Amino acid sequence: MRFGVSTFITDEGIRPADLGRALEERGFDAVFLAEHTHIPASRESPYPGGGDLPRIYYRTLDPFVALGAMASVTENLLLATGIALVVERDPITTAKEVASLDLVSGGRAIFGIGAGWNREEMRNHGTDPRTRGALMDERIRAMRALWTQEQAEFHGEHVDFDPVYAWPKPVQDPHPPIYVGGESDRARARVAEYGGGWLPRAGSGDLASMIAEVRERAGWRVPVSVYSAPDDAAEIASYAEAGVDRTLFLLPTEPRDTTLRLLDGYTALMRDFG
């Protein structure tokens, strides 16, 4: 079992470089950063967690900027979006950001993706929430073309461009792994279609059976990282039994000293699972 953290980097918490150093020093292997470009003031879409939307959602840094800062002060830490809201992102620009992160980090990027839940946020980016799944699928396929073809082109219903040159290309071959977030049947199908990993949330159902289904559908042993996991030994043991490869502790967004104390607590659990 490997261990990382999933977290929101904001202007009110620990700085990205400090967090990257602290994670690597303590033996964590990955960090997954959440993304929201903004939060509409209307607040029509209900928060999936229930109640008021936590303050951290309003204040997230751009994940690629934060991950780039972490890349500059680490050597082995895997640097992941968790999740990037592809339905709110231009695919050509995003492909360049992912490839640039992979290059400057020496091949340590992971592209965690999802379709999102805040419909007003999507609409502000010109996205129709009703077709966001199809849009995300096309954008991912277009990005894969940009990463792997010298003259890339893509022609779909939602994404369309004639041959282009787009550099840099990623260090990883053929490109950084795409971790698909979500537990719906469609999300699990995406893992087989273009995913390099699966990113289910903690407490999202019968994890063992879903992992078995994802791997059977894909035809290979898909890596699984559980997102937003609690620091609970029994829960982590159940992940190991279910075939999970990595536990991502849900790291609260706090100032530096508080964050370091939390990480020290997680490392004690990590030692138990050696």
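As the structure is a computational prediction, the values presented were derived from the model and not from experiment.

Student: Requested: an account of the overall build of the chain, with residues and values cited.
Tutor: Helix and strand content of the chain: nine helices and ten strands. Dimensions along the principal axes, computed over C-alpha positions, put the chain at roughly 55 × 45 × 35 Å. When each of the 274 residues of the chain is scored for burial, the buried share is 51%. Long-range contacts, defined as pairs at least 24 residues apart, comprise 69% of the intrachain contacts of the chain with a sequence gap of at least 6. Only carbon and sulfur atoms are counted for the fraction: they give 49% of the accessible area of the chain, which is about 12100 Å². Across the chain, the centroid of the 29 positively charged side chains sits 1 Å from that of the 41 negatively charged ones.

Student: Please provide a residue-by-residue account of the side chain of Thr 259, values included.
Tutor: Along the chain, the position of Thr 259 falls in helix α9 (residues 256-272). Within polar-contact distance, the side chain of Thr 259 engages the backbone oxygen of Glu 254 at 3.0 Å. A polar atom in the side chain of Thr 259 sits 2.9 Å from the backbone oxygen of Pro 255. In this structure, Thr 259 is in contact with Ile 14, Leu 19, Leu 251 and Glu 254, ignoring residues within four places of it in sequence.

Student: Hey, could you go over the pairing of strand β1 (residues 2-7) for me, with residue numbers and the actual values?
Tutor: The buried fraction of β1 amounts to five of the six residues, a majority that puts the element mostly inside the structure. As judged from the six bridges shared by β1 and strand β10 (residues 246-251), these two strands associate in the parallel manner. Its bridge partner being in β10, Val 5 is matched across the sheet by Phe 249. The sheet contact formed by β1 and strand β2 (residues 30-33) spans four bridges and is parallel. Looking across to β2, one finds that Gly 4 is bridged to Ala 30.

Student: Mind laying out the environment of Val 164, listing which residues take part and the relevant values?
Tutor: Position of Val 164 among the secondary structure elements: in strand β6 (residues 160-164). Along the backbone, Val 164 and Gly 112 are 52 residues apart, and their C-alpha atoms lie at a distance of 25 Å.

Student: Break down the pairing of β6 for me, with residues and values.
Tutor: Where strand β5 (residues 152-155) and β6 come together, three bridges link them in antiparallel fashion. From the neighbouring strand, Ala 152 faces β6, where its bridge partner is Val 164.

Conventions used here
- Every chain's residues receive numbers from 1 upward, in the order its sequence appears when written.
- In keeping with the model being predicted, local features are shown solely for residues with a pLDDT of at least 70 and side-chain atom pairs are shown and tallied solely at 80 or more, while totals for entire chains, interfaces and linings include all residues.
- No hydrogens and no water enter the side-chain calculation; it runs on all heavy atoms of the structure.
- To qualify as a helix, a DSSP run of H or I must reach at least 4 residues; to qualify as a strand, a run of E must reach at least 2; elements of each kind are numbered from the N terminus.
- Accessible area is worked out with a 1.4 Å probe on protein chains only. A residue is then buried under 20% of its type maximum, exposed over 50%, and partly exposed in between.
- Should any heavy atoms of two residues lie within 4.5 Å, those residues are considered in contact.
- Areas reported as accessible are Shrake-Rupley estimates using a 1.4 Å probe. Residue values count occlusion only from the protein chains shown.
- Counting rule for charge: Lys and Arg are taken as positive, Asp and Glu as negative, and neither His nor the chain ends is counted.
- Throughout, a charge is located at the NZ atom of Lys, the CZ atom of Arg, the CG atom of Asp or the CD atom of Glu.
- Pairs of N or O atoms within 3.5 Å make up the polar contacts considered here, provided that, within protein, one atom can donate a hydrogen while the other can accept it, and that residues adjacent in sequence are counted only when both atoms are side-chain atoms.
- By this definition, two strands are paired if DSSP reports at least two bridges between them.

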